[in-house]
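Remarks on the overall topology
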Amino acid sequence: MSLVNEIDYGTPASLSGKMVTLTIDGNEVTVPEGTSLMRAAMEAGIQVPKLCATDMVDAFGSCRLCLIEIEGRNGTPASCTTPAMEGLVVHTQTKRLKDIRKGVMELYISDHPLDCLTCAANGDCELQDMAGAVGLRDVRYGYEGDNHVFAKSDGHANDRWMPKDESNPYFTYDPAKCIVCSRCVRACEEVQGTFALTIEGRGFSSRVSSGMHENFLDSECVSCGACVQACPTATLTEKSVIQIGQPEHSKITTCAYCGVGCSFKAEMRGEELVRMVPYKDGKANRGHSCVKGRFAYGYSTHKDRILNPMIREKITDPWREVSWDEAYKYVANEFRRIQYQYGRNSIGGITSSRCTNEETFLVQKLVRAGFGNNNVDTCARVCHSPTGYGLKTTFGTSAGTQDFDSVEHSDVVMVIGANPTDGHPVFASRLKKRLRKGAKLIVVDPRRIDLVRSPHISAAQHLQLRPGTNVAVVTSLAHVIVTEGLFDEKFIRERCDWDEFQDWAAFVSSPEHSPEAIEGLTGVNPQTLREAARLFATGGNGAIYYGLGVTEHSQGSTTVMAIANLAMATGNIGRKGVGVNPLRGQNNVQGSCDMGSFPHELPGYRHVSDESTRDIFDRLWGVKIQDEPGLRIPNMLDAAVDGTFKGIYIQGEDILQSDPDTKHVAAGLQAMECVVVHDLFLNETANYAHVFLPGSTFLEKDGTFTNAERRINRVRKVMSPLNGYADWEVTQNLAKAMGLNWNYTHPSQIMDEIALTTPSFAGVSYDLLEKEGSVQWPCNEKAPLGTPIMHINGFARGKGKFIRTEYVATDERTGPRFPLLLTTGRILSQYNVGAQTRRTDNVMWHEEDRLEIHAHDAENRGIRDGDWVKISSRSGETTLRALITDRVSPGVVYTTFHHPTTQANVITTDFSDWATNCPEYKVTAVQVGASNGPSDWQVQYDEQARQSRRIKILDAAE
Amino acid sequence: MDSESHKTTAEKLVYMANQIATFFHSQPMDEAAAGVAEHINHFWEPRMRQQLFDILDQQNNGLDPLVLEAAKQIRKPGTVSV
Ligand code: SF4
Ligand code: SF4
Ligand code: SF4
Ligand code: FES
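Residues numbered from 1 in each chain as written. Chains lettered and ligands numbered in written order. Predicted model: local features only at pLDDT ≥ 70, side-chain atom pairs only at ≥ 80, totals over all residues. Heavy atoms only, no water.

1. Describing the domain arrangement of chain A
Residues and elements named next belong to chain A. Put simply, the test is: Each domain's extent was defined by an automatic or database domain assignment. Contacts are assigned to residue pairs with any non-hydrogen atoms lying within 4.5 Å of each other. Reported buried area values correspond to the accessible surface (1.4 Å probe) lost by two parts on association, with both partners' losses combined.
Under the domain assignment used here, chain A contains domain 1 (19-133), domain 2 (152-301), domain 3 (310-382 + 589-703 + 727-735), domain 4 (385-582) and domain 5 (820-947). Spacing between the C-alpha centres of domain 2 and domain 5 amounts to 32 Å. Listed per partner, the contact involves 18 residues of domain 2 and 12 residues of domain 5. Buried area between domain 2 and domain 5, summed over both chains or domains, comes out near 1200 Å², and the portion from carbon and sulfur atoms is 68%.

Rendered as C-alpha cells:
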C-alpha cells in the first residue's frame, strides 16, 4: 500500500477546445489554449520550481521562483502566469534562472524557522522541497534583522512575531512559518467562496489574517479546510497531523455525511486515520470538502460507541451484553414467534440512507425473502419520497437529471426550499463560483438564507414566501411564463404531450394563479415574482435545485411536479446547465431508494405488482414475493398502535428523533414486542429497543454510496470494524439465523446481484468502478460508462407529462392559539439528528438548537435575545433559547433539529404529503412564550432515556 | 399525555384518502376517480385497504365523494396470507 499521489499541475486546466503546440526543454507538447507554461511543462513531465502556484486556484505570480526563459523574448517571465502559445521555445533550467531561484529561496529561508526535523510538515513541505530542488546550500542572511520567526529579538519583544492561532479545533495557524504566498487566501475565495482570509499589510510586514483581527474560530471561516490543503508549508496544518505524524498510505473513499458524496483520500498510518483530504479526481467535489467530511470523523472512535450486542426482555430492564450468536438467535426466535402468533405481515424492517447500497439491498432482501412480506421502508420517507413520486410521474425516473459539473454551464439558477451553504456545502461552493462569474440567482425560501447575500453574490430575486405556499408560487411562475408567451414551444412539441401541455397551460393561465391574485396568500410581491419568472424563462440555461423545503409539505409531491412542469415549459431539460436537481439530505438517500427500500417497489423502482419483475427475484432467491405493497413507516407505527405490527429491524436510523410527532413514534415502538436497533450508538430509538446490534462506520467497510447526481462511488475499508463486523455481515448472519442460505464473502458479490436483477445497474461492477472511479446510473448496455445527464433525446417515460398543480392550503393553520408558523432546517457543522457530529469537535460551532424569531414577534412577547422560550403546537411543547434575527419574516419562526434535548419533533404534527406520507416538517402552527427551563416532556424524556441506557456490567464468571 | 393531534388509524385513513382525492379533484374529470383508485392500489397495504372498505360500509364516514366513486376500482384485499 502507498499514498495515492496526485500531480499538482500548478495552475487550473484550461477548458478551451483549441490546441497549441510548443517546445519545452526540447520536448514538444500540445495543450489547450490558455494553459500556463507551468502546466504545459508539467504535462510534459517537467516540474518547474514553484511556491505560490497550485492547481486548485488561479495563478498569482508573486514568489518569482517559477521563472523561465523564452527564445526570442527578453526577461524571465513567471511560468505560472504566462500562457502557452503556438511555436514557443521555452527553457526551464538555465544558469540565469538557477541563480535567481537560489536568491529567491535564500530570502524565504532567512525568514523561516529551521526546525524542519520537528516540524509537522516534515516530508510534506513544499518550501523544503523547493530548497532541495533549487540546490540551496547556504543562506547568507542571518536572523538578526527583521523577522517573523522569534518572539523576542535582542531581548526585546519582536513586534512582527505573532503567536499561533489554535482556536479552530481541527487546524492551527502558525504565522511564524508563513511565506505569504496567498494560496490560502485564494483558496478561501475561489474554491470555498467565503472570503474569510486577507493579506494584511504590505511588503515584508504582510501577514495572513482571518477576518478583522479575529481568530479563526470567531471569524467568518467555515472550516472547510481548503486553505489548509493549499498551504505549502506547516503554517496551516491539521492538528491530527501534528499529533500523529505524516500518513504512509491512503485509499479513496466517499464521505458518509451528505448527498453531495465527496470523494476523499483517507490518509492512514497503519489502522489510524491521520486525515481526510478531498480528492481532486472526485467527480462530485473536484477536490473540495466541507468541515463535516474533512474533519468530523472523530465519532468513529468515540467512547459512546457500543461494541457488543445487547438484549433485554423489557425496555425497562437494563441492557445485558451477549454474544453475537445469542443475539442473532434471540432475534430470529422472536421474529418467528411473532409471525406465528400475529401473522406473516406483523414484522418489518427499515433500511438506512447512511448505509451502503449493498447493505440496504440486503435489508430489503431480508424483509422480502426472509420475512416474506414487503414491510420495508427507509428514512427517505421523511425527506425525499415526493421527489421520487413527482419526477417519476412527470419524467419517468425517480432522480435528479444532472451531474454537479452541470452548474458550470448554468445562466440562471433557481434554488427552492434549500439552503446549500449549510446543507450541501461543497455544491454551494461550486454554485457560488458560477454565480461570481455572472450567472443569476433566484431564491424561493421563507428565510433569508446565506446565499441571498454573501460576499460577491446577491440574488437577483428572493421570493420570501410564507411556509406552505410553494405550489401557489411555482404555479404562478408558470402563469407568468405561459401568459406572457415565454414558453419554449419547440421543445414542448418535440418532447412532451402537446395536448397535456395545452390542458396545463389553460389551467395555469387562469387569473386565480396570477402573482397579483396569490399575493395575499404567499406574501410575495407580484412584481418580484413576475421578474423572477421572466428571468428564468429568458435568461439562458435555467437550472432548478431544490431541497427539503419543497418535499416536506402536505403538497410536497405537487410542488415537485410543479417544478418539473416549469423546467419542461421553459425547455430546460436534457442538456448541460439545466435540469431539475433534488439536493438529497443524507449521503445515500438516492441509493437506498434505488435499492428497493420502499414497500411498494423492488430495486430499480419497479412496482411489486409487476409479475415479470417479481419473477426475476423469485427465481434467483427461490421465494414467492408478495404482490401487494407493504407498510410505510407511519403506517407501521399506526399498525403497531392498533396491535397488528409487532417487530422491527431498524438499521442505522433513529426514527424516534427524525420522524415527526415523537409521541406517536414512541407509542408505536412501545407497542411492539421486538424492536431491533442496529447502530453505532444507543440512539433515541434504542430507548425502546429489545435488541441492540452494534454497527460499523464507513471507514470500516467496503461498499458503494449513490449521491444526489446518481453517482455510484466506492466506499473503501481502511480499518477493521471496532465491533467486529461490517453491517452487511450482521444482516447476513441474522438472515442465516432465520434460515436463509446467504454466502456473500464480499460486498462486490452483492453489487453483482444488483446488476443482475436491476436493468439500470446492469453494467455496474466493482471492476468498472475501479477503472472509472465512479459511474452515474443508468449504466447498462446503452450507456456502458453511465449517464451524467438524463433525458437528452427524450424523456425516460416517452413524452414528458404536464400535470395540473392546484394549490391546497395545508390544514396546519395559524389561529389565535398558535399564531406563528414554525419551519425547520439544518446548519453546516451538524448533520441530521446529529448522532455523529455531536460526537466531534463540530459542537464548537453549534452547541444547541436556537429558535430564530423576528424582532417584532419577540418584542410582542417580551423575549430578548438568548432567553429561554417555550414553543408549543397542538402536538406538544419544548423549550430552547431564542435568537432574534431579521432572516425570518414576522409571523415565521425557525429552528434546527440537531440536538435530542430540543426534541423539535415533539412539536411537529402528523400531517404529511398526500402522495407519499412524507411528513410536513416545514410548517407547524406554534405559539412562543417566555419560559424558565425545560418542559415537563423534556425532563421526563431525559429521565426515561437515562434509565433505558443502563447497561448491566457482566460478572467475571459469565 | 395525548394531545389533539393523535387521531385513530381510521381517522388518519379517512384524512389520507381525502387528501388524495383533493389532488385528483384538480385533474381532468375523466381521470380523477381512476387516479384515486390507482394511487390507493399502488401504495396502500392490504390492511389499510381493508380498513378503508370497513369505513366505506359506514354511514357518514366523512370520505370525499370522489373516494366513494373510486371505491369500485379499489382492489379488495384477498385473505391476508399468514
Ligand atoms: S477553512 Fe475554508 S473557510 Fe476557513 S479560512 Fe480556510 S478556506 Fe476559508
Ligand atoms: S498560510 Fe500558508 S498558504 Fe497562506 S500565505 Fe502563508 S504559507 Fe501561503
Ligand atoms: S458533508 Fe457533504 S459536502 Fe461535506 S464533505 Fe461530506 S459529502 Fe462533501
Ligand atoms: S509559482 Fe509562479 S510566481 Fe510563484
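Past the structure itself, the notes keep going.
2. Structural notes on the packing of aromatic side chains
Under the convention used in this document: Think of it this way: a Phe, Tyr or Trp ring, Trp meaning its six-membered ring, pairs with another when their centres are within 6.5 Å, and the plane angle makes it stacked under 30 degrees, edge-to-face over 60, tilted otherwise. Under the scheme used here, helices are H or I runs from DSSP no shorter than 4 residues and strands are E runs no shorter than 2 residues, and both carry numbers assigned from the N terminus. Only protein chains enter the calculation, and the probe is 1.4 Å; a residue is then buried if its accessible area is under 20% of its type maximum, exposed if over 50%, and partly exposed in between.
Per the counting criterion, the structure on display carries 29 aromatic pairs over all chains. Ring geometry for F491 of chain A versus F795 of chain A: centroids 6.5 Å apart, planes at 90°, classification edge-to-face. A residue pair is termed long-range when its members are at least 10 positions apart, and F491 of chain A in helix α14 (residues 489-495) and F795 of chain A in the loop between β32 (774-776) and β33 (820-825) qualify at 304 residues. For the pair formed by F491 of chain A and F795 of chain A, the shared burial category is buried. Summarising the aromatic geometry, the rings of F23 of chain B and F24 of chain B are spaced 5.1 Å apart at their centres and angled 90° between planes, so their arrangement reads as edge-to-face. For F23 of chain B, a relative accessible area of 7% puts it in the buried group. The class of F24 of chain B is buried, set by a relative accessible area of 11%. One aromatic cluster is present, built from ring pairs that chain together Y170, F171, Y173, F216 and F295 of chain A.

3. Section: the pattern of salt bridges
Note the following rule: In the sections that follow, a salt bridge refers to a side-chain nitrogen of Lys or Arg positioned within 4 Å of a carboxyl oxygen of Asp or Glu.
For the structure shown, the criterion picks out 54 salt bridges over all chains. For D55 of chain A, the salt bridge is made with K280 of chain A, and the minimal N-O distance between the two is 2.8 Å. Remark: K280 of chain A occurs in the loop between β13 (272-278) and α7 (291-295) and D55 of chain A occurs in the loop between α1 (37-43) and β3 (69-70); sequence separation between them is 225 residues. Look at D55 of chain A and you get buried, because its relative accessible area is 13%. K280 of chain A sits in the partly exposed class, given a relative accessible area of 29%. We note a salt bridge from K12 of chain B to D638 of chain A, for which the minimum N-O separation is 2.8 Å. Of the two residues, K12 of chain B is situated in helix α1 (residues 9-25) and D638 of chain A in helix α22 (residues 633-642); the pairing between them involves two chains. Connected through salt bridges with shared partners, the residues E6, D124, E238, K265, E267, R275 and R294 of chain A form a single ionic network.

4. Overview of the pairing of strand β24 (residues 579-582) of chain A
Residues and elements named next belong to chain A. Our working definition: At least two DSSP bridges between two strands are required for those strands to pair.
Taking every second residue as pointing to the same face, both faces of β24 are buried, with G579 and N581 on one and V580 and P582 on the other. Inspection of the sheet shows strand β23 (residues 542-546) paired to β24 by 4 bridges, in the parallel sense. Pairing of Y545 across the sheet is with N581, part of β24.

5. Quick word on the interface of chain A and chain B
In many analyses, interface size is given as the accessible surface area lost on bringing the parts together. Note the following rule: For this analysis, a polar contact is any N or O atom pair within 3.5 Å, provided that within protein one partner can donate a hydrogen and the other can accept it, and provided that sequence-adjacent residues contribute only side-chain to side-chain pairs. Classification used: nonpolar for Ala, Val, Leu, Ile, Met, Phe, Trp, Tyr, Cys and Pro, charged for Asp, Glu, Lys and Arg, polar for all others including Gly.
Facing the 44 residues of chain A at the interface are 33 residues of chain B. Together, the buried faces of chain A and chain B total about 3300 Å²; carbon and sulfur atoms form 50% of this surface. At the boundary of chain A and chain B, one finds 3 salt bridges. If you look at where chain A meets chain B, you find 14 residue pairs in polar contact (both at pLDDT 80 or more). Among the secondary structure elements, those contributing two or more residues to the side of chain A that touches chain B are α19 (556-569), α22, α24 (662-670) and α29 (936-948) of chain A. No other element matches the 4 residues that α22 of chain A contributes to the side of chain A that touches chain B. Taken together, the residues that form the side of chain A that touches chain B break down as 12 nonpolar, 17 polar and 15 charged.

6. Looking at the site of ligand 2
This is how it is decided: Whether a residue is near a molecule or strand depends on its heavy atoms: if one lies within 4 Å, it is near.
Taken together, 13 residues surround ligand 2, and among them C178, C181, S182, C184 and C231 of chain A come closest. When its residues are assigned to classes, the shell around ligand 2 shows 9 nonpolar, 3 polar and 1 charged.

7. Describing the site of ligand 1
Residue and element names in this part refer to chain A. The local shell around ligand 1 consists of F171, C188, Q192, L197, F216, C221, V222, S223, C224, G225, A226 and C227. Those elements that provide at least two residues to the shell around ligand 1 are α4 (183-192) and α5 (226-230). Of the residues contributing to the shell around ligand 1, the split by class is 9 nonpolar, 3 polar and no charged.

8. Looking at the sheet that holds strand β19 (residues 440-444) of chain A
Residue and element names in this part refer to chain A. Rules: Note on geometry: axes are lines fitted to C-alpha atoms, helical ones only across the stretch in contact, with angles between N-to-C directions running from 0 to 180 degrees.
In space, the 5 strands of this open sheet follow the order β22-β19-β18-β23-β24, with parallel pairing throughout. Sheet topology places β22 (461-463) and β24 at the edges, where each strand pairs with a single neighbour. Strand-to-strand twist in this sheet, taken as the mean axis angle between neighbours without regard to direction, amounts to 15°. Looking at chain direction, strand β18 (residues 412-416) and β23 are connected through 5 bridges and run parallel. When the bridges of β23 are listed, V415 appears paired with Y545.

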